[in-house]
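Each chain, written out:
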Amino acid sequence: MTGVAKSAVCVLGTGLIGGSVLRAAVAAGYDAWGYNRSHAGVRAARADGFDVGDDIEAVLKRAAASDALIVLGVPMPAIDSILSDVRLLAPGCALTDVVSVKAPVAATVRRHELGARYVGGHPMAGTAESGWAASTPDLFRGAAWAVGVDPGTHVEPWTRVARLALDCGAVVVPVVADEHDRAVARISHLPHVLAEALAVVGAGGGDLALGLAAGSFRDGTRVAATAPDLVRAICEPNAAALLDALDDTLRLLTAARDTLATNATLGELIDAGYSERDRYDTLHRWNITDIRPGDHNWLERLREAGQRGGVIRGLD
Ligand SMILES: O=C(O)C(=O)C[C@]1(C(=O)O)C=C[C@@H](O)C=C1
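Conventions adopted
Residues numbered from 1 in each chain as written. Predicted model: local features only at pLDDT ≥ 70, side-chain atom pairs only at ≥ 80, totals over all residues. Heavy atoms only, no water. Helix = DSSP H or I, 4+ residues; strand = E, 2+ residues; numbered from the N terminus. Buried < 20%, exposed > 50% of the residue type's maximum accessible area, 1.4 Å probe, protein only. Contact = heavy atoms within 4.5 Å. Areas by Shrake-Rupley, 256 points an atom, 1.4 Å probe, with all protein chains shown as cover. Lys, Arg positive; Asp, Glu negative; His and termini not counted. Charge placed at Lys NZ, Arg CZ, Asp CG, Glu CD. 1 Å grid on protein atoms, 1.4 Å probe; cavity = no way out; pocket = protein on both sides within 12 Å on 5 of 7 lines; lining within 4 Å. Points joined across faces, edges and corners; volume = space filled by probe spheres on them. Nonpolar A, V, L, I, M, F, W, Y, C, P; charged D, E, K, R; others polar. Right-handed = clockwise from strand over helix to strand, strands pointing away. Pairing = 2+ DSSP bridges. Domains from an automatic or database assignment. Buried area = accessible area lost by both parts, 1.4 Å probe. Salt bridge = Lys/Arg side-chain N within 4 Å of Asp/Glu carboxyl O. Polar contact = N/O pair within 3.5 Å; in protein donor to acceptor, adjacent residues only side chain to side chain. Axes fitted to C-alpha atoms, helices over the stretch in contact; angles between N-to-C directions. Parallel < 35°, antiparallel > 145°, perpendicular 65-115°, else oblique. Left-handed = near helix turned anticlockwise from the far one by under 90°.

*Asks:* With reference to specific residues and values, describe the overall build of the chain.
*Replies:* Of the regular secondary structure elements, the chain holds 13 helices and 10 strands. Expressed as lengths along the three principal axes of its C-alpha atoms, the size of the chain is roughly 70 × 50 × 35 Å. Burial status across the chain gives 44% buried among its 316 residues. A separation of at least 24 residues holds for 70% of the contacts in the chain among residues at least 6 apart in sequence. About 16,000 Å² of surface is accessible on the chain, with carbon and sulfur atoms providing 55% of the total. Charge-centre separation for the chain: the mean point of 30 positive side chains lies 3 Å from the mean point of 38 negative side chains.

*Asks:* Residue-level account of the layout of surface pockets, with values.
*Replies:* One way to see where empty space is left: roll a probe the size of a water molecule over the atoms. When its volume is computed, the second largest pocket comes out at roughly 290 Å³. Lining of the second largest pocket is provided by 18 residues; of these, A106, R110, Y118, D150 and T153 occupy positions nearest its centre. When residues in the lining of the second largest pocket are grouped by element, the largest group, 4 residues, is from helix α5 (residues 103–111). Here the lining of the second largest pocket is built from residues that sort into 9 nonpolar, 6 polar and 3 charged.

*Asks:* Break down the pairing of strand β2 (residues 32–35) for me, with residues and values.
*Replies:* With burial as the criterion, each face of β2 is covered, one bearing A32 and G34 and the other bearing W33 and Y35. Handedness of the β-α-β unit built from strand β1 (residues 9–12), helix α1 (residues 16–27) and β2 comes out right-handed. Across 2 bridges, β2 lies against strand β3 (residues 52–53) in parallel orientation. When the bridges of β3 are listed, G34 appears paired with V52.

*Asks:* For the domain arrangement of the chain, give the residues involved together with the corresponding values.
*Replies:* Partitioning the chain into domains gives domain 1 (9–175 + 284–311) and domain 2 (181–282). Taking only C-alpha atoms into account, the centre of domain 1 sits 29 Å from that of domain 2. Taken residue by residue, the interface counts 14 residues in domain 1 and 15 residues in domain 2. Both sides of the domain 1 and domain 2 interface together cover about 980 Å² of buried area, and 61% of this is carbon and sulfur. Its largest share of buried area at the contact with domain 2, domain 1 owes to S100, V101 and A128, together 46% of the area lost on that side. Counting across the domain 1 and domain 2 interface gives 0 salt bridges. In this structure, the connection of domain 1 to domain 2 is made through 3 residue pairs in polar contact (both at pLDDT 80 or more).

*Asks:* Quick one: what's the story with the sheet that holds β1, residue by residue and with numbers?
*Replies:* Taken together, the 5 strands give an open sheet; going across it, the order is β3-β2-β1-β4-β5, and neighbouring strands pair in parallel fashion. In this open sheet, the two edge strands, each paired with only one partner strand, are β3 and β5 (94–97). Where β1 lies against β2, 4 bridges are found, and the strand directions are parallel. The partner of V11 across the bridge, within β2, is G34. Here helix α3 (residues 56–66) sits on the sheet and contacts β1, β2, β3 and β4 (69–72); the angle it forms with β2, its principal contact strand, is near 150 degrees.

*Asks:* Kindly report on the packing of helix α7 (residues 177–203) against helix α10 (residues 228–235), identifying the contributing residues and their values.
*Replies:* Geometrically, a packed helix pair is captured by the angle between its two axes and the distance between the axes. The geometry of α7 relative to α10 is characterised by a closest axis approach of 9 Å and an angle of 140 degrees between their N-to-C directions. One element, α7, and the other, α10, form an angle in the oblique class. Helix-helix and strand crossings are classified by hand; for α7 and α10 the assignment is left-handed. Across the interface between the two elements, H189, H192 and E196 from α7 touch V231, I234 and C235 from α10.

Following this line, the structure appears as structure tokens:
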């Protein structure tokens, strides 16, 4: 895949993630601009020298005229409405998103008949902050960026999306939507719910407990400082997979609680946690080098490689 040209990039929604995509794309030499519905968001981005407007019609007409890759930088609850604008004003553009759940976005895209040039995306990066002010061009450096390889994905928009992710400093993890959603329920959405629970239980110990709190409480509750509406927008669209993860958690915690009550031991939980955490620390992310986008069975082969820890670090 040598010489894939950088497409123009149009980011709709310039909060923490969309804003960071815009900053990273500009830093990587893309012709990139954005849209934000709030005047304050537009003012802040312009004050930093970025080309962001609040006129969705003008922004999308420019995308259509430039054959830009459109990045939906808005959370799941705003996807349906922004897709109505895209369908009306720039239906031929390649399209991706940064939403933390993939199957519901794909279903909404299909409902708007925009599936032909859509490729799901999910950069695995963030902070507890939100908005343009928190965005940074380095947010995705070294991060995993899930890029959809669902059946029917077309190679041209796929290559554009993968190239943008790589140019933002991320590594590409090929995923299909439902497997992605089950995976992130466990490693992203469940941790948000647990962080909220830990914050509540810890604070239940009063000011003495909070006054003594150190690293374990701070790290375990870090994402509980995220704006509540954003946490809901991240977790709730993935309800079925999150329920499975919560059920597994409750089973483990109940077993540990029961053995603690009867034998004053936490049982197998501690050893199991120790060894599974080690699997994460030592996971070998190997480079996919032998599957060229567009080759025979490339989607299925990339999917299998992604399942086995394969990542893409370059397309050349
Ligand atoms: O690092 C954080 O603050 C995050 O919450 C980032 C995080 C996560 O790791 O769960 C949260 C949601 C995104 O969809 C991807 C990544």
